[in-house]
Structure formats: C-alpha cells, structure tokens
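# Coordinates in review
If you want the building blocks of each chain, they are given just below.
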Amino acid sequence: MQKEKKDLDQIAAVLSEAKKIALICHVTPDGDTVGSALALYAALKKIGKAVDVFSSDPIGEKLKYLPFSDKFNINVNHSAIYDAAVAVDCGTKGRLGDMFGIFNSAAVKICLDHHKDNNLICDYSYVDPQISSTAEIVFLLLKRFPDKCLDKNVAALIYAGIISDSGLFSYSSTTAQTHNIAAELYNAGIDASDIAYNIYKKKSKPAFLLANKVLGRTRFFFDDRVGLAVFFLDDFAETGAGQDATEGVVNAIQSVTSVLIAVTLTEIEHNKFRVSIRSKEPAEASAVAAEFGGGGHRLAAGCRLSGPVEEVIERIVKAAGDFLPTE
Ligand SMILES: [Mn+2]
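Residues numbered from 1 in each chain as written. Predicted model: local features only at pLDDT ≥ 70, side-chain atom pairs only at ≥ 80, totals over all residues. Heavy atoms only, no water.

## Describing the domain arrangement of the protein chain
The domain boundaries assigned to the protein chain delineate domain 1 (2-201) and domain 2 (205-322). For domain 1 and domain 2, the distance between their C-alpha centroids amounts to 27 Å. Contact with domain 1, which involves 11 residues of that partner, is made by 10 residues of domain 2. Taken over both partners, the interface formed by domain 1 and domain 2 buries close to 720 Å², and the fraction arising from carbon and sulfur atoms is 42%. Of all residues in domain 1, His115, Lys116 and Asp117 bury the most surface against domain 2, accounting for 44% of the area lost on that side. Viewed at the interface, domain 2 and domain 1 are joined by 2 salt bridges. Close ionic contact of Lys62 with Glu247 constitutes a salt bridge, the shortest N to O distance being 4.0 Å. The interface formed by domain 1 and domain 2 includes 7 residue pairs in polar contact (both at pLDDT 80 or more). (Domains from an automatic or database assignment. Contact = heavy atoms within 4.5 Å. Buried area = accessible area lost by both parts, 1.4 Å probe. Salt bridge = Lys/Arg side-chain N within 4 Å of Asp/Glu carboxyl O. Polar contact = N/O pair within 3.5 Å; in protein donor to acceptor, adjacent residues only side chain to side chain.)

## Examining the pattern of salt bridges
Tallying each qualifying case throughout the model produces 14 salt bridges. Here Arg298 ties to Glu284 by a salt bridge, and the two come within 3.2 Å at their closest N and O atoms. Placement of the pair is Arg298 in the loop between strand S11 (295-296) and strand S12 (300-306) and Glu284 in the loop between strand S10 (272-279) and helix H12 (285-290), with a sequence separation of 14 residues. (Helix = DSSP H or I, 4+ residues; strand = E, 2+ residues; numbered from the N terminus.)

## A short note on the sheet that holds strand S3 (residues 72-73)
One open sheet holds the 6 strands; their spatial order is S3-S2-S1-S4-S5-S6, and the pairing between them is parallel. Since the sheet does not close on itself, it has two edges, and those belong to S3 and strand S6 (124-127), each with one partner. Summarising the sheet, strand S5 (residues 108-113) and S6 pair through 4 bridges and their orientation is parallel. Bridge pairing in S6 links Ile110 to Tyr124. Packed on one face of the sheet, helix H2 (residues 31-46) meets strand S1 (20-24), strand S2 (50-54), S3, strand S4 (84-88) and S5 and runs near 170 degrees to S2. Along the sheet face, helix H5 (residues 134-142) touches S4, S5 and S6 and points at about 120 degrees away from the line of S5. (Pairing = 2+ DSSP bridges. Axes fitted to C-alpha atoms, helices over the stretch in contact; angles between N-to-C directions.)

## Structural notes on the coordination of the manganese ion
All of the protein donors around the manganese ion are Asp32 (OD), Asp89 (OD), Asp89 (OD), His114 (NE2) and Asp165 (OD); their distances to the metal are 2.1 to 2.8 Å. For the manganese ion, the donor residues sit on a single chain with the sequence spacing D-x56-D-x24-H-x50-D. Pair noted here: Asp89 is in the loop between S4 and helix H3 (93-96) and Asp165 is in helix H6 (residues 152-166), with a separation of 76 residues, a long-range link. For Asp165, a relative accessible area of 15% corresponds to the buried category. (Donors = N, O, S within 2.8 Å, 3.2 Å for Na, K, Ca; no water. Buried < 20%, exposed > 50% of the residue type's maximum accessible area, 1.4 Å probe, protein only.)

## A closer look at the sheet that holds S11
Strand order in the open sheet made by the 6 strands is S7-S8-S9-S10-S12-S11, with mixed pairing throughout. Each edge of the open sheet is held by one strand with a lone partner, namely strand S7 (219-221) and S11. Sheet topology note: the strand S9 (residues 261-269)/S10 ladder contains 8 bridges and is antiparallel. Opposite Glu267, over in S10, you have Phe273 as the bridge partner.

## Structural notes on the side chain of Glu267
Relative to the assigned elements, Glu267 resides in strand S9. Here Glu267 occupies a buried position and makes no salt bridge, while the nearest side chain of opposite charge, Arg217, is found at 8.4 Å. For Glu267, the side chain forms a polar contact with the main-chain nitrogen of Leu233, separated by 2.9 Å. Not counting the four nearest positions on each side in its chain, Glu267 is found in contact with Phe231, Phe232, Leu233, Phe236, Gln243, Lys272 and Phe273. (Lys, Arg positive; Asp, Glu negative; His and termini not counted.)

## Overview of the pairing of strand S8 (residues 226-231)
Counting buried residues in S8 gives 6 out of 6 residues, a clear majority hidden from the surface. Burial along S8 is two-sided: the face carrying Val226, Leu228 and Val230 and the face carrying Gly227, Ala229 and Phe231 are both buried. As judged from the 3 bridges shared by S7 and S8, these two strands associate in the antiparallel manner. Along S8, the bridge assignment pairs Phe221 with Val226.

## Notes on the packing of aromatic side chains
The final tally for this structure, using the stated rule, is 6 aromatic pairs. Ring geometry for Phe54 versus Tyr82: centroids 6.0 Å apart, planes at 80 degrees, classification edge-to-face. With Phe54 in strand S2 and Tyr82 in the loop between S3 and S4, this pair connects stretches of sequence that are 28 residues apart. A single burial state applies to Phe54 and to Tyr82, both of which are buried. A ring pair is formed by Tyr159 and Tyr186, whose centres lie 6.0 Å apart and whose planes are at 85 degrees; its orientation type is edge-to-face. (Phe/Tyr/Trp six-rings, centres within 6.5 Å; stacked < 30°, edge-to-face > 60°.)

## Thoughts on the nonpolar core
Of all hydrophobic cores here, the largest spans 60 residues; its most connected members are Leu15, Leu40, Ile158 and Leu185. When sequence neighbours within four positions are dropped, the list of residues in contact with Leu15 reads Ile21, Leu44, Lys49, Ala84, Val86, Ile110, Leu141 and Phe145. With 26 residues, the next largest nonpolar core counts Val230, Phe273, Ile277 and Val317 among its residues. (Core = buried A, V, L, I, M, F, W, Y, C linked by side-chain atoms within 4.5 Å.)

Set out below in structure tokens:
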C-alpha cells in the first residue's frame, strides 16, 4: 500500500514538472478511459499545462455529453514530442492503437490503469486491478494537486468514469472508497442523476431497436449457464445504430439468473468479430478471453475472433464451457 502511495506521489511530481503532456485513451474508448483522460486534461490545464488528448478511435455519441469531449485528437500524423505521456486505462501496447508512437516518443511514459493483464513498459505506473475504475485512480492522483484542479467539470468526468466501469456502483470492484470518492464528487457540485442518465442509461431509438433485435436471438448453452448473442453487420444497417450501440447488451444476457458466462459477438467486418464476455463468480471472463489472446478484468473481458459465425460460436461456447465451475 505504501509503495502505491509513493507511485502516485511520483506521478504527480512528474506531471507537475512537465510542460507538454499527452493523454492517450484506449481503442474503442469507453466512459472510463474518456472520463479519466478528460478529467486529467481539465485539471492539468488549470495549472497551466499544454495538454493534448489522443484516441485511435473517435468517441461514441453518448460520451459527447461530457465536458471537453471536443478535445479529442484522432489524428496520428502529428510530430510534437511530449515531456510526459499518460496511457489512461490502457494495459497493453495494442490498446494504445495508432497512438502508441506518440506515447513511446515521450520523454517520460506513465500508465494509470486497473487491468490485471497490464504489461505496458513505463517509467512510472500505477496499476491496481482491485480498483473500480481508472477514474478512481485519477481522483486519488488529483488529490495531490491544488484544490482548484477538482472543480465541478473534473468531478463530473471522474463520476462518469466510475459509473461506467462500476456498473453504477453495482460490480464487485465497487468499494467503500468508491462511494467515499463519489461523496466528494457530489460535494464538488455534480448533477449525478443527469450524468447517470446521459452516460449510463440513455439509448438512442436505433440502439434500442438493435438491442431488442439481438437479444431476441440470444442462444443458451450448458443448461442455460452460457448465453450468447450476435450483432451482425446487417443488424446495424437495418436499425441505423452505430457500433457503440452494443454496449450493455452483454450485461442484459448476464442478468439472466442461470447465466454464469454471457457473450456477445459483434461483427466488425465480414467474418471478423469483437467478443465481449461477462461472468459471475466463480466463472472467470478473463480466462475465456485469454484462450483467444484477449484480456480484461476477471468478470469483464474481451477478445477478437475470425471465421464463419457458426465456427466462431462453437469455439467461444466450448471455451466458456471449459471455464464453468464443476459442482
Ligand atoms: Mn476502465
């Protein structure tokens, strides 16, 4: 614990020294990486830093609700060299996507993360796989900065990150500390229910239609202990929903009482699938994902698979079956 405190002290010191800072989100950015990076952006701007925020992929419609969401730079071809670069919520080189070069060319490389498969090589890193979200780490880091850094916007961004990754404080990674931090964010003046609606609950009509369509085709295996549904390219075309509209559907499958492992396949190109996996204890989503070179958290993980859909389903269902608990 003591060492971890020291790590955050060192990271705060490095960022305080740096003049030009790059913040890098992971590919297909979610609420945690975006909330965390933009919170850091806003806080570091307050103390006079030149800060750029990068992401390989554009941010989804929903996250455009967040303050400073227009600050994202998805252009790889820029030549600035940074005093410090922070990989935010990214555990591996691959998660930095096209932005790895910007990260790697910085004078000091820093990582703030909570993925247990983190293996990113950095000068300073704070990685806590037990913590709810990277946003929670960002809060702990910003406590080392002047009070003015934690204004209402920064608090809102941290709150957005925490609720995204904790499932509105419902996942097992949620702790007393998570709630204590939330209380401090309330005190900073956030409108928590507005953030929860806009970041977590609301769905566009196309996203709603897409979810219903896909959930209606959910298939169950192994005595209903594994549930799986597929988003086909045609589903996106027919409903008009974007790829980010898949969010939450795997959790809906997981909410079925008997289901221990829930899986969604999202066809990103013909016969190429992004796989999202959620599990309930003692089943380990990350173990299933690791079978196919993926990773993530113990109960929420992902990987990629290619091939004809029925073959892909067979492979992932078999792997899920292998990791079901044996009574
Ligand atoms: Mn995260």
